[in-house]
Amino acid sequence: MNRKPFIAGNWKMHKTIAEAVSLVNAILLNLPDPQEIDVAVAPPFTALAAVAEAIKDTPLKLSAQNLFWEKEGAYTGEISPLMLKDVGCEYVIIGHSERRQYFGETNEMINKKVKAALTFGLKPILCVGERLEEREEGKTFEVVKRQLLGGLAGLAPEEVLKTTIAYEPVWAIGTGKTASPTQAQEVHAFLRNLLTKNWSKEIAQKVRILYGGSIKPENIKVLMQEEDVDGGLVGGASLKAESFVRICNFKGD
Ligand code: PEP
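This write-up is about the structure you can find in this document. (Residues numbered from 1 in each chain as written. Predicted model: local features only at pLDDT ≥ 70, side-chain atom pairs only at ≥ 80, totals over all residues. Heavy atoms only, no water.)

Okay, the nonpolar core next. Trp11, Ile27, Val41, Val51, Ile165, Leu191 and Tyr211 are the most contacted members of the largest nonpolar core, which has 63 residues in total. Look past the residues within four positions of Ile27 in its chain and what remains in contact with it is Trp11, Val41, Leu60, Ala241, Phe244 and Val245. By size, the runner-up hydrophobic cluster in this structure holds eleven residues, among which are Tyr91, Ile125, Leu210 and Leu233. (Core = buried A, V, L, I, M, F, W, Y, C linked by side-chain atoms within 4.5 Å. Buried < 20%, exposed > 50% of the residue type's maximum accessible area, 1.4 Å probe, protein only. Contact = heavy atoms within 4.5 Å.)

Right, let's talk about the sheet that holds strand 7 (residues 209-212) for a bit. Taken together, the eight strands give a closed barrel; going around it, the order is 1-2-3-4-5-6-7-8, and neighbouring strands pair in parallel fashion. Adjacent strand axes in the sheet meet at a mean angle of 25 degrees, parallel and antiparallel pairs treated alike. Here helix 7 (residues 140-151) sits on the sheet and contacts strand 5 (123-128) and strand 6 (164-167); the angle it forms with strand 5, its principal contact strand, is near 155 degrees. (Pairing = 2+ DSSP bridges. Helix = DSSP H or I, 4+ residues; strand = E, 2+ residues; numbered from the N terminus. Axes fitted to C-alpha atoms, helices over the stretch in contact; angles between N-to-C directions.)

On to the packing of helix 1 (residues 17-28) against helix 2 (residues 48-55). At their nearest, the axes of helix 1 and helix 2 sit 9 Å apart, and the two run at 25 degrees to each other. As judged from the angle between their axes, helix 1 and helix 2 are roughly parallel. The crossing of helix 1 and helix 2 is right-handed. Between helix 1, through Ile17, Ala20, Val21, Val24, Asn25 and Leu28, and helix 2, the contact on the second element is made entirely by Ala50, Val51, Ala54 and Ile55. Of the residues assigned to the contact of helix 1 with helix 2, the class counts are nine nonpolar, one polar and no charged. (Parallel < 35°, antiparallel > 145°, perpendicular 65-115°, else oblique. Left-handed = near helix turned anticlockwise from the far one by under 90°. Nonpolar A, V, L, I, M, F, W, Y, C, P; charged D, E, K, R; others polar.)

Distances and angles like these do not, on their own, reveal function.
Right under this line is the structure:
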């Protein structure tokens, strides 16, 4: 199965509006062929409108980093899927390990967010990944299984098809420690197999599974050589145009 590679930059809590616009303008100068690869950026909420304007009529895609599951209401400080759609987002990252760790997001909450995103026409990027102690205790597969099936619970086949999975081992995020291609591949294959068992082989073959965790221009190519690695969710290296576009252009680098 020939899945189109997908690279998404998660800017986390970085960039003012002016910095965000200047970063996307620099990225746009060196975007890879949009027929060959999909590229998205996920700025903070405050910069979404300005980035949406800057990337209008370009192949660069817009993602949010989080959402709340209600359409509107008395939820001070939250942002709804309707608002993200309205500002021009196509994707939304859901269940990032930092949301799970610092903001108490559970698989049940993440499932509500995934469903809400899909209801409003957003494509979820569902993050899963084990912590270091879970890996050391041999619980990696058990943990990612719970996260994947919990996050996607109740989804119809066509909804799963609109979803991207990001395998992000927590011990590799922002630490400079990347999972080896073999470590990434074995978890990606496991996740794809879960999609086969719970939905269908056809669906599992179409869903993109990204790797995330200290991706750099130097390691993207070997990771992308693995059968089930379909792209990357990039944190730190997405904050500079130079490193991000090198990652996006991994085929020619
Ligand atoms: C992330 O937080 O999604 C991530 C992968 O971060 P980094 O690339 O900095 O490890």
